[in-house]
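Structural description and commentary
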Amino acid sequence: MAKLDDLEIIESVRRGNVSDYSLLIDRYKHKAFSMIFRMLKNRMDAEEVLQDCFVKAYNNLKSFKGDSLFSTWFYRIVYNTTLSRIGMKKRQIEEMMLSIGEELDFEDPDADTSGRKKEEKELLNRVIEKLPPNYAAVINLFYLEEMSCEEISVILNTGVPNVKVLLHRSRNALKKLIKENNLEDELR
Amino acid sequence: MKHYNDEFFNKMIDGEVDDSTRREFLHHISECKNCELEYLLLQKAHNSFQKIQIEEAPPTLNMMVLKRISRVVKPSEGGKKFFIGMLIGLTTMLLILFGYAFEVGKTLDPKDQKPLIDFSKIDLSFLQEFLNSFKSFSAVFTPNLVEP
Ligand SMILES: [Zn+2]
């Protein structure tokens, strides 16, 4: 059988083939879970929120008109549901996106003292573990879902320049850690 | 000498720099080791993010979601049917009641008003008999309690 696209699956579910919804779940579950987990920093909570997102999407499938991609529509649910779990109200979210604060700085407390060079992967994990929720969302959507800044701005309900700021600051923070750990030797 | 910053390096990585600016920059880093290093570091951070790993969703997810969905679907449909049924039943009952009241109202001429049940014509002696038999029955089975 040819691989169905998202819209074909949705049509089938709407016709009453509820079990076909599993195909849609399979398509998005791992990447959506990665995003939720990195926003919440807690696996158990992330598992619950992931379930809620798929149930919410199913219940609102009627309102999905197909004028945007399903992925954009679905990730809006994922982003907003996760922020609600954190306890953020709509007003706080808007404020967070309007004033996205300062540069990120994840100082490495033992960068010079331990004498041990940290691996690139370790530094990446350190940054990802500490990224605030909106930064974590951008990094996951940009690097895992390979979305454009325009698509991400729709999901986060903010402007493209804001998305770029979050993306660039995350890169800059990792760059700083790499530099502190003298990994630049490998670049030469 | 004009040096470059992270903002520019990010634009380079995102491919948002026009050709002539790009050529100028590449020429610059061939001579400026500091800008070259900073650019390569940011490039390394970008490459590192590209290796970001997928976190696996729990294997029970599909089952749990489908279970919750079917739980949501059935009661709401059942609830709808129950509601409509109740509505039809109530309306029918109300129609019958109003209809009856209307018919009764039409014939309620003070002259031919009769009670619906004439209790004076009913023989209630069987009730008395029943009570008597019950008394004697309880006297036989509980003599000590009734007449010590
Ligand atoms: Zn320079």
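Whatever comes next refers back to the structure up there.
Described below are features of the structure shown in this document. Every value quoted in this text rests on a predicted model; they were computed, and no experiment measured them.

Definitions and limits used
Residues numbered from 1 in each chain as written. Chains lettered and ligands numbered in written order. Predicted model: local features only at pLDDT ≥ 70, side-chain atom pairs only at ≥ 80, totals over all residues. Heavy atoms only, no water. Axes fitted to C-alpha atoms, helices over the stretch in contact; angles between N-to-C directions. Helix = DSSP H or I, 4+ residues; strand = E, 2+ residues; numbered from the N terminus. Parallel < 35°, antiparallel > 145°, perpendicular 65-115°, else oblique. Left-handed = near helix turned anticlockwise from the far one by under 90°. Contact = heavy atoms within 4.5 Å. Polar contact = N/O pair within 3.5 Å; in protein donor to acceptor, adjacent residues only side chain to side chain. Core = buried A, V, L, I, M, F, W, Y, C linked by side-chain atoms within 4.5 Å. Buried < 20%, exposed > 50% of the residue type's maximum accessible area, 1.4 Å probe, protein only. Patch = residues over 30% accessible without salt bridge, like charges linked within 9 Å, V, L, I, M, F, W, Y side chains within 5 Å. Areas by Shrake-Rupley, 256 points an atom, 1.4 Å probe, with all protein chains shown as cover. Salt bridge = Lys/Arg side-chain N within 4 Å of Asp/Glu carboxyl O.

**Quick notes on the packing of helix 2 (residues 19–31) of chain B against helix 3 (residues 33–50) of chain B**
Residues and elements named next belong to chain B. The geometry of helix 2 relative to helix 3 is characterised by a closest axis approach of 6 Å and an angle of 115° between their N-to-C directions. Viewed along their axes, helix 2 and helix 3 adopt a mutual orientation that is roughly perpendicular. When the axes of helix 2 and helix 3 are compared, the crossing they make is left-handed. When helix 2 is examined against helix 3, the residues Phe-25, His-28, Ile-29, Ser-30 and Glu-31 are found in contact with a partner set consisting of Lys-33, Cys-35, Glu-36 and Tyr-39.

**Observations regarding the environment of Ser70(B)**
All names here are of chain B. You can see Ser-70 is positioned in helix 4 (residues 61–107). Within the structure, Ser-70 has its side chain in polar contact with the backbone oxygen of Leu-66 (distance 2.8 Å). A distance of 3.1 Å separates the side chain of Ser-70 from the backbone oxygen of Lys-67, its partner in a polar contact.

**Side note on the nonpolar core**
Counting 69 residues, the largest nonpolar core has Tyr21(A), Phe54(A), Phe70(A), Phe74(A), Tyr75(A) and Leu156(A) as the members making the most contacts within it. The element best represented in this core is helix 2 (residues 21–40) of chain A, accounting for 11 residues. Contacts of Phe54(A), omitting those with residues within four sequence positions, involve Tyr21(A), Leu24(A), Ile25(A), Tyr28(A), Lys29(A), Phe74(A), Leu61(B) and Val65(B). Counting 12 residues, the second largest nonpolar core, distinct from the first, contains Phe9(B), Ile13(B), Cys32(B) and Cys35(B).

**Comments concerning a nonpolar patch on the surface**
Residues and elements named next belong to chain B. On the surface, Phe-83, Ile-84, Leu-87 and Ile-88 cluster together to form a nonpolar patch covering roughly 430 Å² of accessible area. Tracing the sequence through the fold places Leu-87 in helix 4. Exposure remark for Leu-87: the relative accessible area of 48% places this residue in the partly exposed category.

This is a description of form; function is not addressed.
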